[in-house]
Amino acid sequence: MPDIVVCVKQTVDIYQLKPHPETLEPQFSQAQSKISDFDLNALEEALRIREKHGGGKVIVVSAGPSINQLLIRETLAMGADEAHVISHPSLASADGYVTAKVLSKLIGKAGRWDLILCGEASLDNSDYQTGPRLAEIYKIPHLAYVSKLELSGQSIKAWRTMEDGIHISSCSIPAVVTVGLEINTPRLPSLLMIRAASKKPINEYKLSDLGLVEEDLKPHVQLLELKALKVERLRKKLEGTPEELATTLADIILGEGLVKR
Amino acid sequence: MILISMGSGLDTPFRETYTIMPAGTDLIMYIVLLPFAALFIYGVYRRMRFYGLRDFRGELFRDAPARLGLALRYALLQRKVLSEKRAGIMHAAIYSGAIALFIGTTLVFVDYDILRLMGASILRGDFYLFYEFSLDLMGLAFTAGLCILVYRRLVAREARLRPKLEYILTIFGLIFIAGSGYVMEGLRLSIQPREWGGWSFVGNALASLMHGGDVETMVTVYRGLWWSHAVVAFTMVALIPYSNLLHIFTTVANIYFSNIRPVSPGKMSTPFRLDQLEPTDEIRIGARRVSELNWRQRLGLDACTDCGRCEAACPAYAAGTPLSPRMVVQKLRMEMWDGGDRDFFEGVLDEEEVWACTTCGACVEACPVLISPLEYILEARRSLTLEGRLEKKKSSMLMNLARFQNPYGLPQSERSGFIEELRSMGVPTISEKPEAEYLYWIGCASSYDSRSREIVRSMVRILMKAGVSFAILGDEESCTGDPARRIGEEGRFQEMALANIDTFKRHNIRKILVHCPHCYNTFKNEYDDLGYRPSVIHHSQLIGQLLREGRLRIKKPIAARVTLHDSCYLGRMNNILEEPRQVLSESTQGLVEMKRVGRRSFCCGAGGSTYWYEVPRRERESVIRLREAVDTGADTLAVECPYCLQMFNDAVRVSGYEERLRLRDIAEIVAEALE
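Residues numbered from 1 in each chain as written. Chains lettered and ligands numbered in written order. Predicted model: local features only at pLDDT ≥ 70, side-chain atom pairs only at ≥ 80, totals over all residues.

*Asks:* Run through the overall build of chain B, naming residues and quoting values.
*Replies:* In terms of helices and strands, chain B carries 28 helices and eight strands. Principal-axis analysis of the C-alpha atoms places the extent of chain B at approximately 105 × 60 × 45 Å. Counting over 675 residues, chain B shows a buried share of 42%. Within chain B, contacts between residues at least 6 apart in sequence are counted, and of these 80% link residues at least 24 apart. (Helix = DSSP H or I, 4+ residues; strand = E, 2+ residues; numbered from the N terminus. Buried ≥ 20, exposed ≤ 12 C-beta atoms within 10 Å, placed from the backbone. Contact = placed C-beta atoms within 7 Å.)

Written out as structure tokens, the structure is:
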């Protein structure tokens, strides 16, 4: 009966994000926050492992500039047993390095565990850093891009979707696994379950509780500028025989530098 | 040695019982009957235990007069059974024949086993002659019904009739009882000719065929037939609680216990009140096992006669989805007989069946014995949703409702332009015009879908022309919660409904105008349970009323031959059938009807939230229905629902009828005819 930690990030819903028409900067205030999609897959996988192996705790950890309790409650409603969270404004600029460090401290508060599950990346930054860095902190194996996971005894077997095909790997636990969207379909907690989940504990910490100071939250990566790509159509109408059209089209594509000769 | 009383010189006709049988037959017969009776009683007891005998005891006499009225109409008088010609006549013939023959047999029992011992008799004189005549006549009805039955199963081969060994044996049993009864009567009248024999006209005719036969042989044959007739009849009675014959009792009970008030099938049950729950209350809703159904629902399963009328009416079945409402009920019924403890989704039902349902209610309308297959499907949906066992599209829709208060998942800003447009047409918000008579509820479809917005534009023109006092909610409008409820997410539905009720009460709203039948149904039938009962009016009703009152005048009926697609949630669920027709016949060149109209209309395929997810089907419901519309020769298909409009919009394109059929909402037609 493994105890599993699931790391979840609250991100802005990028599908709602619209760039400012002039500055092209994303207008964060108009979009709602949500749990990063991949992390819900990680949580779902943890719950399925628990259901299959008949027990064990599922613990949610989350760090961010301002953790929305309701969203954490939704993860508890899905079936997690407890949550450990920290909100700190400086975490708005956190990179994988900072996030992994803070999460490891939260995990330290959670007690014993056998497996850490993360989404392979976050919906907003897509850095693919946090999971592997956590494994580095604990000096334990990690398997990334997992699309199918099996646990037996003290080892896991993972199907990893890579560019050249599917790699099947295994390692002993404790380990860190990062999962992709194709691994499962996360369950959707009903409103009744969300209400009932208000009985489950959400433990909130301050920096000092975790033995951290402001300085620890300084990221290694600095964000210089964030802008939307401007997509514009050329609005050209071509006429001629298919052969002529093909030539003209090829010239345009090459002329715009879209494909290099 | 055979002892036969050759009763010559009898003046008064009377029933002669056991006269051809050896002495003591009556006693042996009762002894033989005992095990059959025991089997019957045990079976009935077991069935009652399945339904939950204890649960319905208190219900037995509640509302008895009203319930007896229902039983009279739908059980005794077979009102819905008779709504289909061939099947109706067949059943009426067998049903009335069987009842008459049963009464006949009971009278013999009373006459011979009770009254005879007291030295009295009823089966004599004129009454006896009447008795013989009417039993022969009703026996003919019984036989004729059986002939239609065999014809429907062997010759006409109706697809919805399933061949099952159980049914074949039952049919043979019934045919044997009818046939042997007549032959015995013929034999009796041959062995013991009576002056009054002519009253038993069938038996008499058969007797004349046997004329001159060997009496001893006839007596032997008679005795053989007598016993086989009795044993087959006993067997069939004993098997009632173990077979489909059980419907004789269960249908009556189901009808008796069905809801007294004509509750619309558009109203779902309210298993809890969100505003009355403690925050941490843990409740389960829906059913995942037959044992989790209530006693009335379990009884309903056993009332199913497998007639297949629901299946024939079901749009999802016609579209080739895995759903057949009959099979849902039959599978649950089999599961109940097997104990009823299995999870529905571990070998009883398929999730796909449950999700293919458009909740159109055609099955409920079709069922002759007032079973609601829809109810079982919705219970199962609730249990799946409670667990969050939903695929991507369904959970996205629910997430959209939670986050954006509309199923499209579009932010409020997407409709602000449209609200502005309406305001520039002169439409006030309720805050600006608190005294407005009607609140015009736009609904999600017309707030976010550009084609459906046309309905609102037309309706606003109509309202202004007629000088109706109305206002809109503007930014305060949300979704009624219907898609959440139909997918089984009761909590989310109630959360949205309670928020809307709050808005309505804050603005002191009493009359709501809608052009969406789903909004109509939810406000009209479902908000009541949450403590709010507004007066709701569909735009077709209001237009009809304005025309009647002369506040609206049709200038020039539009040059179109129109056919009307009755929307399920308006027609079948809420019986609004006349007004749309009145409006259309006034504002067009003429209305032609489709094959299936009114309460028997055929769903466009968007109901029950199926609009929001993929249902694998062979053919779209909307395309099937569109063909029916084209077959009328009409050039315009009028709809009364924005979702029907969207479904047919696609159907017209995929079937290439864009040139032949114009698609318009009733309001669009009227608005044009006014100008």
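Next, the rest of the story.
*Asks:* Tell me about the overall build of chain A, residues and numbers included.
*Replies:* The helix and strand inventory of chain A stands at six helices and 11 strands. With respect to the three principal axes, the spread of C-alpha positions in chain A is 70 × 40 × 40 Å. Relative to its full complement of 261 residues, chain A shows a buried share of 36%. Summarising the internal contacts of chain A: among those between residues at least 6 apart in sequence, 69% fall at separations of at least 24.

*Asks:* Give me the environment of Ala 38 of chain B: which residues, what numbers.
*Replies:* All names here are of chain B. With respect to the secondary-structure elements, Ala 38 resides in helix H1 (residues 25-51). Under the C-beta neighbour-count criterion, Ala 38 is labelled exposed, with 11 such atoms within 10 Å. Once the C-alpha coordinates of Ala 38 and Ile 175 are considered, the two residues, 137 residues apart in sequence, prove to be 25 Å apart.

*Asks:* Tell me about the domain arrangement of chain B, and name the residues and values.
*Replies:* All names here are of chain B. Per the domain assignment, the segments making up chain B are domain 1 (25-253), domain 2 (285-389), domain 3 (407-546) and domain 4 (554-674). Distance from the C-alpha centre of domain 2 to the C-alpha centre of domain 3: 33 Å. Between domain 2 and domain 3, the contact holds eight residues from the first and five residues from the second. Residue composition of the side of domain 2 that touches domain 3, grouped by class: three nonpolar, three polar and two charged. (Domains from an automatic or database assignment. Nonpolar A, V, L, I, M, F, W, Y, C, P; charged D, E, K, R; others polar.)

*Asks:* So what's going on with the sheet that holds strand E6 (residues 588-592) of chain B? Residues and values would help.
*Replies:* All names here are of chain B. Read across the open sheet, the four strands follow the order E6-E5-E7-E8; overall the sheet is parallel. The open sheet has two edge strands, E6 and strand E8 (662-665), and neither has a second partner. Across the sheet, the mean angle from the axis of one strand to that of its neighbour is 35 degrees, orientation sign disregarded. Inspection of the sheet shows strand E7 (residues 636-639) paired to E8 by four bridges, in the parallel sense. By the bridge assignment for E8, Ala 638 is matched with Arg 664. With respect to the sheet, helix H25 (residues 578-587) is in contact with strand E5 (558-564), E6 and E7, its orientation differing from that of E6 by roughly 140 degrees. Its contacts with the sheet put helix H28 (residues 666-674) on E5, E6, E7 and E8, and the angle it makes with E8 is roughly 90 degrees. (Pairing = 2+ DSSP bridges. Axes fitted to C-alpha atoms, helices over the stretch in contact; angles between N-to-C directions.)

*Asks:* I'd love a proper account of the pairing of strand E6 (residues 115-119) of chain A, names of residues and values included.
*Replies:* Residue and element names in this part refer to chain A. Within E6, five of the five residues are buried, which leaves the element mostly enclosed by the surrounding structure. Along E6, one buried face is formed by Leu 115, Leu 117 and Gly 119 and the opposite face, lined by Ile 116 and Cys 118, is buried too. For strand E1 (residues 4-7) and E6, the ladder comprises four bridges, and the chain directions are parallel. From the neighbouring strand, Val 5 faces E6, where its bridge partner is Ile 116. Pairing between E6 and strand E10 (residues 175-179): five bridges, direction parallel. Paired with Cys 118 across the strands is Thr 178, a residue of E10.

*Asks:* Lay out the nonpolar core with the relevant residues and their values.
*Replies:* Nonpolar side chains in soluble globular proteins generally cluster together in the buried interior. All names here are of chain B. One finds Leu 439, Leu 513 and Phe 648 to be the most contacted residues of the largest nonpolar core, which totals 136 residues. With seven residues, helix H27 (residues 642-654) is the largest single contributor of residues to this core. Those residues in contact with Leu 439 that lie beyond four places of it in its chain are Ile 430, Ala 471, Leu 473, Ile 509, Lys 511, Ile 512 and Leu 513. (Core = buried A, V, L, I, M, F, W, Y, C linked by C-beta atoms within 7 Å.)

*Asks:* Please provide a residue-by-residue account of the interface of chain A and chain B, values included.
*Replies:* The partner chain B presents 21 residues to the 14 residues of chain A that form the contact. For the side of chain A that touches chain B, the leading source of residues is helix H5 (residues 191-196) of chain A, giving four residues. The class makeup of the residues in the side of chain A that touches chain B is six nonpolar, five polar and three charged.

*Asks:* Got a sec to walk through helix H4 (residues 85-115) of chain B? Specific residues and values, please.
*Replies:* Residue and element names in this part refer to chain B. The end-to-end C-alpha distance of H4 is 42 Å, a good match for the 45 Å that 31 residues give at a rise of 1.5 Å each. Considered for burial, the residues of H4 that qualify are Ala 87, Met 90, His 91, Ala 93, Ile 94, Gly 97 and Asp 111. Considering only its buried residues, H4 is in contact with helix H5 (125-155). (Expected span 1.5 Å × (residues − 1).)

*Asks:* Run through the pairing of strand E8 (residues 155-162) of chain A, naming residues and quoting values.
*Replies:* All names here are of chain A. Pairing of strand E7 (residues 142-152) with E8 involves six bridges; the strand directions are antiparallel. Note that in E8 the partner of Val 146 across the bridge is Arg 160. Here E7 folds back onto E8, and the loop between the two strands holds two residues, one of which, Gly 153, carries a positive phi near 60 degrees. Pairing of E8 with strand E9 (residues 165-172), which is carried by eight bridges, proceeds in the antiparallel orientation.

*Asks:* Give a description of the packing of H1 of chain B against helix H10 (residues 295-303) of chain B that names residues and reports values.
*Replies:* Residue and element names in this part refer to chain B. Contact geometry for H1 and H10: axes closest at 8 Å, N-to-C directions at 135 degrees. Here H1 lies oblique to H10, going by the angle between them. Mapping the contact onto sequence places Arg 47, Phe 50 and Tyr 51 in H1 and Trp 295, Arg 298, Leu 299 and Asp 302 in H10. A per-class count over the contact of H1 with H10 returns four nonpolar, no polar and three charged. (Parallel < 35°, antiparallel > 145°, perpendicular 65-115°, else oblique.)

*Asks:* How would you summarise the sheet that holds E6 of chain A if you had to cite specific residues and measurements?
*Replies:* Residues and elements named next belong to chain A. Here nine strands make up an open sheet; going across it, the order is E9-E8-E7-E10-E6-E1-E4-E5-E11 and the pairing mixed. Edge strands, defined here as strands with exactly one partner in the open sheet, are E9 and strand E11 (202-205). Direction aside, the axes of adjacent strands within the sheet are offset by 30 degrees on average. Here three bridges tie E7 to E10, and the two strands are oriented parallel to one another. Considered in E10, the bridge of Val 146 is made with Val 179. Sheet contacts for helix H1 (residues 37-53): E1, strand E4 (58-64), E6, E7 and E10; angle to E6, the most-contacted strand, approximately 145 degrees. The strands that helix H2 (residues 69-78) touches are E4, strand E5 (82-87) and E11; relative to E5, the one it contacts most, it runs at about 160 degrees.

*Asks:* A description of the domain arrangement of chain A should follow, citing residues and the corresponding values.
*Replies:* Partitioning chain A into domains gives domain 1 (4-217) and domain 2 (231-261). Taking only C-alpha atoms into account, the centre of domain 1 of chain A sits 45 Å from that of domain 2 of chain A.

*Asks:* Account for the packing of helix H3 (residues 96-110) of chain A against helix H4 (residues 130-138) of chain A, naming residues and giving values.
*Replies:* All names here are of chain A. Running from N to C, H3 and H4 point in directions that differ by 55 degrees, and their axes come no closer than 9 Å. With respect to each other, H3 and H4 are oriented oblique. Relative to H4, H3 is oriented so that their crossing is right-handed. Packed against H3, whose contacting residues are Gly 96, Tyr 97, Thr 99, Ala 100, Leu 103 and Ser 104, the element H4 presents Thr 130, Arg 133, Leu 134 and Ile 137 at the interface. Looking at the contact of H3 with H4 residue by residue, the class counts come to five nonpolar, four polar and one charged. (Left-handed = near helix turned anticlockwise from the far one by under 90°.)

*Asks:* A description of the confidence of the model for chain B should follow, citing residues and the corresponding values.
*Replies:* For chain B, per-residue confidence averages 93 on the pLDDT scale, and 98% of positions sit at 70 or higher. For this predicted complex, the interface score ipTM comes out at 0.79, while the overall pTM is 0.89. (pLDDT = per-residue confidence, 0-100.)

*Asks:* Run through the environment of Gly 108 of chain A, naming residues and quoting values.
*Replies:* Considering the arrangement of structural elements, one finds Gly 108 of chain A in helix H3. Separated by 24 residues in sequence, Gly 108 of chain A and His 84 of chain A have C-alpha atoms that sit 10.0 Å apart.

*Asks:* Which residues make up the environment of Gly 54 of chain A, and what values do they have?
*Replies:* Residue and element names in this part refer to chain A. Here Gly 54 lies in the loop between H1 and E4. For Gly 54, a count of 7 C-beta atoms within 10 Å puts it in the exposed group. Separated by 11 residues in the primary sequence, Gly 54 and Leu 43 have C-alpha atoms spaced 16 Å apart.

*Asks:* Talk me through unusual backbone geometry; I want residue IDs and the actual numbers.
*Replies:* For the bond from Ile 173 of chain A to Pro 174 of chain A, the omega torsion is 5 degrees, close enough to zero to count as cis. Among the secondary structure elements, Pro 174 of chain A is positioned in the loop between E9 and E10. One non-glycine residue, Gln 405 of chain B, lies in the positive phi region at around 60 degrees. The residue Gln 405 of chain B is located in the loop between helix H17 (392-404) and helix H18 (413-424) in this model.

*Asks:* Please set out H1 of chain A residue by residue, giving values where relevant.
*Replies:* All names here are of chain A. With 17 residues, H1 extends 25 Å between its outermost C-alpha atoms, agreeing within 8% with the 24 Å of an ideal straight helix rising 1.5 Å per residue. Of all 17 residues in H1, 12 are buried, a share of seventy percent or more. Within H1, burial applies to Phe 38, Asp 39, Leu 40, Asn 41, Ala 42, Leu 43, Glu 44, Glu 45, Ala 46, Leu 47, Ile 49 and Arg 50.

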